[in-house]
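# Understanding the architecture of this molecule
These are the residues of each chain, in order.
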Amino acid sequence: MSSGFSGDFFTAGGFTGRSTAMNNPQSLYNLADPASRIHHRRPDLIGKRSLAEFQTQHQLFQQQQALGLYLRNVKPRTNQNPSPICPLSADFSASVSPDISSISSTSVSSSPAISTRYGRPILQQQQIRPQPINFGNGGSAIPFNHPNFSGVSYPNLLPSRGVNRETGEESEKKMMNRLHELEKQLFDDNEEEEEDAISVVTNSEWSETIQNLIGSTQKPISPTSSSSSCSSSSASPQTLSPKQSLIEAATAICEGKTEVASEILTRLNQLGNIRGTAEQRLTAYMVSALRSRMYPMEHPPPVAELYSKEHAISTQLLYKFSPCFKLGFMAANLAILEATSDQRPCKLHVVDFDIGQGCQYVHLIHALAARKADNFPSLKITTFTDFVNGGEEKLKLVGDELKTRANEVGIRFNFNVLSLKTTDLSLERLGVEENEVLAVNFAFRLYKVPDESVTTENLRDELLRRVRGLSPAVVTVVEQEMNANTAPFMARVTEACGYYGALFDSLDATVLRDNPERVRIEEGLSRKAANSVACEGRDRIERCEVFGKWRARMGMAGFNPKPLSPLVSDSLRTLLNSGTCGNPGFTVKEETGRVCFGWMGRTLTVASAWR
């Protein structure tokens, strides 16, 4: 361009070093970057101009060029407050380089529209009317008289680089067309009434304008809300469910932020209620478990309580009222019966390492009695005092009760109580007779036996190898489907919330809320959950594993899967849906090598058979 407007028309005030800027394209403003369009204008007066005034200034620059004085010096200003929504700013004052200091002041002030201020020429008499700011994203524009508007927006009139290289009349004609467009956009019918108005925008005012504009489209951020992920989550508890808040508390405990965790637990304690809904009960018990993890001295986690008489009673009540546990025992019994189906007469010897109250064998006794073809089938059960709380006296009472039930239905019954170590297991010590079918029942027992993660002795694998040496006809394993053995603390908390939450919910379908036995059941479950979450090492007795890990462990011990027949799952499904036990929330699903029992899609227990 011949007029020199390419630099001065775009920026406010004068710049130096234009030749350096043109040689280095990176120093020019990048129109593709909205942040580069921010200019902090000096507090010069910006006035409105008519087309005649622009032409006068244009002629002045041509005169200066004729004298060999080029005013094309462009120097980008430092942008201290970049903003993606800042419009271009324009100031039509021209700069005077030190090379043209010999020009008389009359040559600069000869035009009535030009005067000087702070040593720089400025335009007077007219003010450019500010245009509404449009964000370019579909949002509505802000008019200049809006209370939130404090800046001025101008259209982008900077020609492209290709136009900068044009010379002659064609370039001058394009510039005049642009000036006509500018006049149409910036002037209206009331310009005479505002000739004396002055718009002054300082750097601080422009900064406030940008902040106001950003604030209208963005959510304000509190300066104290970024201290930690836990504290930020606790600042908006209404957006988190109790289960999510429990995970947040566990995260804070894991990171050592006890104050944050204590705050979350205090809030959750107000939501928990052991007499409320399943979610409220879970919240109350998990808050207690996490507090035991944080303050084991003030809130000791349950360890010895898991061997107490009260806990044994609550566990037996769980087996009685929860279909998932009850059907697990029945699946083990049916797998044992299948192993003896080809033997006549049936002489069955079952080794049980945790018989409890023995209620699960009442079903087996009646199933044996239903075999009309057998002549006086017999059942022998052997258990161990080392694995049962209460000692030999309690176990004798269990044996007496089972013998009474067996005599009622015509089954020969023997009950043996032994005190043996794992290393002493043998057919002789167990009293296995000739022609007896040996079955080993691990129903909800193996998860309590320490493995290699607890002790180098690895009692769990040792027990399995000893049992494998007995060559039993069938080994049944019934376990809770829960990954809580070698999983880290955070994973165990998540697993406990999901597992016990589903279990509490399933109890609503089987036991009335005001039933005192249900309270005892859930108190027992709370002890199990607290031990799983709050304890480590030998103190952590609850070490449940998922079926995939049991399958790997059984395989390493030398066992092979013994698939259950479809009749097992069909009979259990029929039993589940019969009478008052029927509930669509409970599920019985047969999968490869196992039968799964669950609630609302969550598997709670799994039964499998091995040989």
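Residues numbered from 1 in each chain as written. Predicted model: local features only at pLDDT ≥ 70, side-chain atom pairs only at ≥ 80, totals over all residues. Heavy atoms only, no water.

What follows covers the pairing of strand E10 (residues 602-610). On a regular strand, one side chain projects to one face of the sheet and the next to the other, so that they alternate. The element E10 is largely enclosed, with a buried count of seven among its nine residues. Across five bridges, the pairing between strand E9 (residues 594-599) and E10 is antiparallel. Looking at the pairing, Gly598 lines up with Thr603 of E10. Hairpin connection from E9 to E10: two residues lie between these consecutive antiparallel strands, with Met600 at a positive phi of about 50 degrees. (Buried < 20%, exposed > 50% of the residue type's maximum accessible area, 1.4 Å probe, protein only. Helix = DSSP H or I, 4+ residues; strand = E, 2+ residues; numbered from the N terminus. Pairing = 2+ DSSP bridges.)

Now for the nonpolar core. Grouped together as the largest cluster of nonpolar side chains are 115 residues, with contacts concentrated most on Leu290, Leu348, Leu379, Leu402 and Phe442. For this core, the leading source of residues is helix H13 (residues 323-339), giving eleven residues. (Core = buried A, V, L, I, M, F, W, Y, C linked by side-chain atoms within 4.5 Å.)

Quick reminder: α-helices carry 3.6 residues per turn. Residues three or four places apart thus point the same way. Compared with an ideal rise of 1.5 Å per residue, which puts 17 residues at 24 Å, H13 spans 24 Å between its outermost C-alpha atoms and is within 8% of the ideal. Across the 17 residues of H13, 14 count as buried, placing the element largely inside the fold. (Expected span 1.5 Å × (residues − 1).)

Glancing now at the environment of Phe384. With respect to the element layout, Phe384 can be found in strand E4 (residues 378-384). Taking the C-alpha atoms as reference points, Phe384 and Lys421, separated by 37 residues in sequence, lie 9.2 Å from one another. Apart from residues no more than four positions distant in its own chain, Phe384 is found in contact with Val351, Asp352, Phe353, Leu395, Leu418, Leu420, Leu425 and Leu430. (Contact = heavy atoms within 4.5 Å.)

For the protein, per-residue confidence averages 74 on the pLDDT scale, and residues scoring 70 or more make up 60% of the total. Within the model, the stretch residues 188-207 combines pLDDT values under 50 with 35 contacts to residues more than four positions away or in other chains. Within the model, pLDDT remains below 50 along residues 213-237, and this stretch shows 23 contacts once partners closer than five positions in the same chain are excluded. (pLDDT = per-residue confidence, 0-100.)

Looking at the secondary structure, you find Lys562 in the loop between helix H20 (547-556) and helix H21 (566-576). The side chain of Lys562 sits in the buried core without any salt bridge; Glu338 is the nearest counter-charge, 4.5 Å away. Once residues lying within four places of it in the same chain are set aside, the contact partners of Lys562 are Ala473, Val474, Ala609, Trp610 and Arg611. (Lys, Arg positive; Asp, Glu negative; His and termini not counted. Salt bridge = Lys/Arg side-chain N within 4 Å of Asp/Glu carboxyl O.)

With that out of the way, let us pick up the packing of aromatic side chains. The full count for this structure, using the stated rule, is twelve aromatic pairs. Taking 5.3 Å as the distance between ring centres and 65 degrees as the angle between the ring planes, the aromatic pair formed by Phe329 and Phe444 counts as edge-to-face. Taken together, the residues span a long stretch of sequence, with Phe329 in helix H13 and Phe444 in the loop between strand E6 (437-443) and helix H17 (459-469) at a distance of 115 residues. The class of Phe444 is buried, set by a relative accessible area of 1%. Aromatic ring contacts, followed pair by pair, group Tyr319, Phe325, Phe329 and Phe444 into a single cluster. Positioned above the aromatic ring of Phe489, the side-chain terminus of Arg293 is 4.2 Å from the ring centre. (Phe/Tyr/Trp six-rings, centres within 6.5 Å; stacked < 30°, edge-to-face > 60°. Lys NZ or Arg CZ within 6 Å of the ring centre and 35° of its normal.)

Following the criterion strictly, the structure yields 26 salt bridges and no others. One salt bridge in this structure joins Arg466 and Glu462, with 2.9 Å as the shortest N-O distance. Of this pair, Arg466 and Glu462 both sit in helix H17, four residues apart, roughly one helical turn. You can call Arg466 partly exposed: its relative accessible area is 32%. According to the relative accessible area criterion, Glu462 is buried, its value standing at 19%.

With respect to topology, eight strands assemble into an open sheet ordered E5-E4-E3-E6-E7-E10-E9-E8, the strand pairing being mixed. Of all strands in the sheet, those with a lone pairing partner are strand E5 (412-418) and strand E8 (586-591), marking the two edges. Sheet twist, expressed as the average angle between the axes of neighbouring strands with direction ignored, equals 15 degrees. Looking at chain direction, strand E7 (residues 474-480) and E10 are connected through six bridges and run antiparallel. Residue pairing across strands places Val475 opposite Trp610, the latter belonging to E10. Packed on one face of the sheet, helix H14 (residues 360-369) meets strand E3 (347-352), E4 and E6 and runs near 170 degrees to E3. Helix H15 (residues 391-408) contacts E4 and E5 of the sheet and is inclined by roughly 170 degrees relative to E5. (Axes fitted to C-alpha atoms, helices over the stretch in contact; angles between N-to-C directions.)

Attention now moves to the side chain of Ser569. Among the structural elements, Ser569 can be located in helix H21. Polar contacts involving the side chain of Ser569 include one to the main-chain carbonyl oxygen of Pro566, which spans 3.1 Å. Setting aside residues up to four positions removed in sequence, Ser569 forms contacts with Val588 and Glu590. (Polar contact = N/O pair within 3.5 Å; in protein donor to acceptor, adjacent residues only side chain to side chain.)

With 13 residues, helix H12 (residues 309-321) should cover 18 Å at 1.5 Å per step; its first-to-last C-alpha distance of 19 Å lies within 8% of that length. Residues His311, Ser314, Thr315, Gln316, Leu317, Leu318, Tyr319 and Phe321 constitute the buried set of H12. Contacts from the buried residues of H12 go to H13 and helix H19 (516-534).

Before going further, it helps to examine the packing of H12 against H19. Across the interface, H12 lies against H19 with an axial gap of 8 Å and an inter-helix angle of 110 degrees. As the angle between them shows, H12 and H19 are arranged roughly perpendicular. Crossing of H12 over H19 shows left-handed handedness. In this structure, H12 uses Glu310, His311, Ile313, Ser314, Leu317, Leu318 and Phe321 to contact H19, whose residues at the interface are Glu517, Arg520, Ile521, Gly524, Leu525, Arg527 and Lys528. (Parallel < 35°, antiparallel > 145°, perpendicular 65-115°, else oblique. Left-handed = near helix turned anticlockwise from the far one by under 90°.)

Below, the discussion takes up the environment of Arg527. Checked against the element boundaries, Arg527 lands in helix H19. Its relative accessible area of 15% is what places Arg527 among the buried residues. Measuring from C-alpha to C-alpha, the distance between Arg527 and Leu306 comes to 7.1 Å, with 221 residues separating the pair along the chain. When near neighbours in sequence (up to four residues on either side) are disregarded, Arg527 contacts Pro302, Glu305, Leu306, Glu310, His311 and Ser314.

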